[in-house]
Amino acid sequence: VFWTLIVLTAVISAVFIMGMEWNFHLSRYTITSMDTAHYPLWNIPYPAVTVCPTSKIKKTDAIQLLNELELPSGVTKEEIFKDMKFLLELLEPSDTNITKFIRLQTILDNNNISIEYIMKRVTPKCNTFLTKCKWKGHIMDSCSLLFKLHKTYEGYCCSFNYVGIKEDILKIKEKPEAYIPQKTTTSGHSMGLTVLVRIHPEEYYVTNMASYGVKVLIHDPNDYPDINSEEDSVYRITDTLFHSSVECRENYTIELCGCTHFYYPNNGDYRICNLTDVPCLAKNKSLLLPLKPRQEDFTSDKEPINYPCNCLPDCENYYYPIESSEGVLSESTVNNDLFFNSRKLNLEQDSMFSVYFNNFMVTSYRRDVLYSWKGLLGSLGGLLSLFIGFSLIGAVELLYFFTLRLYYKDRIIKHKNSHRIPHQLSRPRIHHHGRITQPTLPISNTNNSIILFQQRYHLSN
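These numbers come from a predicted model, not from an experiment. (Residues numbered from 1 in each chain as written. Predicted model: local features only at pLDDT ≥ 70, side-chain atom pairs only at ≥ 80, totals over all residues. Heavy atoms only, no water.)

## A few points about the sheet that holds strand β11 (residues 350-355)
Sheet strands pair via backbone hydrogen bonds, and the direction of the pair is either parallel or antiparallel. In spatial order, the strands read β5-β4-β8-β11; together these four strands make up an open sheet with antiparallel pairing. Two strands close off the open sheet at either side, each with one partner strand: β5 (138-139) and β11. (Pairing = 2+ DSSP bridges. Helix = DSSP H or I, 4+ residues; strand = E, 2+ residues; numbered from the N terminus.)

In structure tokens, the structure reads:
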């Protein structure tokens, strides 16, 4: 009994600790360590720079579009112009009253105008607020040569060095060199990107911030600038996370409301949310905002090591930490700068930002598998050997002892029992004149068979 208790205790302890080891393996697949602090800058792509105006509807473009619409009788242009403010709800849904949106959506449907078209039509164009650009010391004739209009969570924004759009990836076969992220060979202000911005406050009609200006997002060239990529700074500069988290949030939106936001990548398989879907989006906004949809508990110790929606990290990704500084733009400081000489500054409306690396060497990190299948096998095998002296040879012996050995032993016993020879055969007794004579019964055992050769009876007179 004592020995049985010892063995059971060892087995239970081994199983318990092996379970802990297995759970640790499932929760931490990789380990990150520093590879080198002198990785050359020219081997990594320059970050994508996305500029989003806080003005989501340009007044003159909205009026021009309104003049092209066919309105039903009894509806004035002034009423529809006021209703166009509801387009902001497609970016930041907050109102659950569907009756406010039906009239404008009905007019858009009657004029065969999609949500993507109208949002792109009324959004300020890149060349209207990006007035001058300089890249690697070269002054560009137009910022449109560097910046293109792309979809982001802020609506349509102007992006430089952004190659992560699905519809753009399909064009790589035509001009592959146009969709390779640009790089820079060294650090410093002169080898970065400089942009002069003019805000045009008279064109502001609908904004999502109580201020004039732009938001600047710094992110990986292959990453979609998502809502969780935002961080407060002078120009709200930050980096982005994985594409898969965006796809996860998009799928959850489709599950809840049967549609997807117009600014998410879409190959045409899903219906785009219109104004009648705003109440559903507003109702479920709190569920869709977190990085991990449906996440409610942010205090769990497991959250930092669980990727959202079971999305695994990229095999190779770039992180761009931000250091920002600001100053006052003054005419006296730009008189000798060729970047400003060709254009008169408007100090009330103009601002400038520059994005560049401050060091020509960067830190490279390496992510390795924490437990390979060989390491996991060695760890679990070591625990079994420690507690119960388990080995591969022992496992084979156990298998043989409780299966093959028992089987063959049982067969041998059955075989012996079926061919067992009686030790003594009873002989018949014959009564004759009061005497009993035992007959002679010769027996020969040949080939496990009993053969009776002859039976003799001795009778006395």
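## What to know about a nonpolar patch on the surface
A cluster of nonpolar side chains, contributed by F2, W3, I6, V7, V11, V15, I388 and F390, occupies part of the molecular surface with about 780 Å² of accessible area. For the nonpolar patch, the element with the most residues is helix α1 (residues 2-27), which contributes six residues. Along the chain, V15 turns up in helix α1. (Patch = residues over 30% accessible without salt bridge, like charges linked within 9 Å, V, L, I, M, F, W, Y side chains within 5 Å. Areas by Shrake-Rupley, 256 points an atom, 1.4 Å probe, with all protein chains shown as cover. Salt bridge = Lys/Arg side-chain N within 4 Å of Asp/Glu carboxyl O.)

## Things to note about the nonpolar core
Grouped together as the largest cluster of nonpolar side chains are 36 residues, with contacts concentrated most on L87, L90, I118, M119 and F262. If we ignore the near neighbours within four places in the chain, the residues touching L87 are I57, L104, I118 and M119. (Core = buried A, V, L, I, M, F, W, Y, C linked by side-chain atoms within 4.5 Å. Buried < 20%, exposed > 50% of the residue type's maximum accessible area, 1.4 Å probe, protein only. Contact = heavy atoms within 4.5 Å.)

## Let's talk about the pairing of strand β2 (residues 48-53)
The buried fraction of β2 amounts to six of the six residues, a majority that puts the element mostly inside the structure. Along β2, one buried face is formed by A48, T50 and C52 and the opposite face, lined by V49, V51 and P53, is buried too. Judged from the six bridges that link them, β2 and strand β10 (residues 214-219) form a sheet pairing that is antiparallel. The residue of β10 that forms the bridge with T50 is L217. Here three bridges tie β2 to strand β7 (residues 155-160), and the two strands are oriented antiparallel to one another. Paired with V51 across the strands is C158, a residue of β7.

## What to know about the environment of S245
Secondary-structure assignment places S245 in helix α8 (residues 243-257). Judged by its relative accessible area of 2%, S245 is buried. As a C-alpha pair, S245 and Y224 span 21 residues in sequence and 9.9 Å in three-dimensional space.

## Concerning the packing of helix α2 (residues 59-68) against helix α5 (residues 115-122)
Where α2 contacts α5, the axes come no closer than 8 Å and their chain directions differ by 135°. In terms of orientation, α2 and α5 fall into the oblique class. Between α2, through D61, A62, Q64, L65 and E68, and α5, the contact on the second element is made entirely by Y117, I118, R121 and V122. Residue classes in the contact of α2 with α5 are distributed as five nonpolar, one polar and three charged. (Axes fitted to C-alpha atoms, helices over the stretch in contact; angles between N-to-C directions. Parallel < 35°, antiparallel > 145°, perpendicular 65-115°, else oblique. Nonpolar A, V, L, I, M, F, W, Y, C, P; charged D, E, K, R; others polar.)

## Describing the sheet that holds β7
In space, the four strands of this open sheet follow the order β6-β7-β2-β10, with antiparallel pairing throughout. Looking along the sheet, the strands with just one partner apiece sit at the ends: β6 (147-152) and β10. Ignoring which end each strand starts from, the neighbouring axes of this sheet average 35° apart.

## Some points on the state of the cysteines
In this structure the tally under the stated criterion is five disulfides. Disulfide pairing is shown between C126 and C158; the S-S distance is 2.0 Å. Judged by the sign of its S-S torsion, about -110°, the cystine formed by C126 and C158 is left-handed. Residue C126 is located in helix α6 (residues 126-129), and its partner C158 is located in strand β7; the two are separated by 32 residues in the primary sequence. A single burial state applies to C126 and to C158, both of which are buried. The disulfide that involves C133 links it to C143, with 2.0 Å between the sulfurs. (Disulfide = S-S within 2.5 Å.)

## What to know about the environment of P181
Considering the arrangement of structural elements, one finds P181 in the loop between α7 (166-169) and β8 (193-198). When the C-alpha positions of P181 and F160 are compared, they lie 9.5 Å apart, and in sequence the two are 21 residues distant. In this structure, P181 is in contact with P45, N161, V163 and P221, ignoring residues within four places of it in sequence.

## With respect to unusual backbone geometry
With a phi angle near 65°, N161 is a residue other than glycine that sits in the positive phi range. For N161, the location among the structural elements is in the loop between β7 and α7. N161 gets classed as buried once you look at its relative accessible area, which sits at 9%. Even without being a glycine, H200 presents a positive backbone phi close to 55°. Inspection of the secondary structure puts H200 in the loop between β8 and β9 (204-207).

## Remarks on the side chain of T253
Position of T253 relative to the elements: it lies in helix α8. What makes T253 buried here is its relative accessible area of 1%. Within the structure, the side chain of T253 is placed 2.8 Å from the backbone oxygen of R249, a separation counted as a polar contact. Each residue touching T253, except ones within four places of it in the same chain, is listed here: G258, C259, T260, H261, L281 and L288. (Polar contact = N/O pair within 3.5 Å; in protein donor to acceptor, adjacent residues only side chain to side chain.)

## Here's the deal with the pattern of salt bridges
In the structure shown here, the tally under the stated rule is 12 salt bridges. Residues R366 and D35 are paired through a salt bridge, measuring 3.8 Å at the closest nitrogen-oxygen approach. With a gap of 331 residues between them, R366 in strand β12 (residues 361-369) and D35 in strand β1 (residues 30-40) connect regions that are remote in the sequence. You can call R366 partly exposed: its relative accessible area is 42%.

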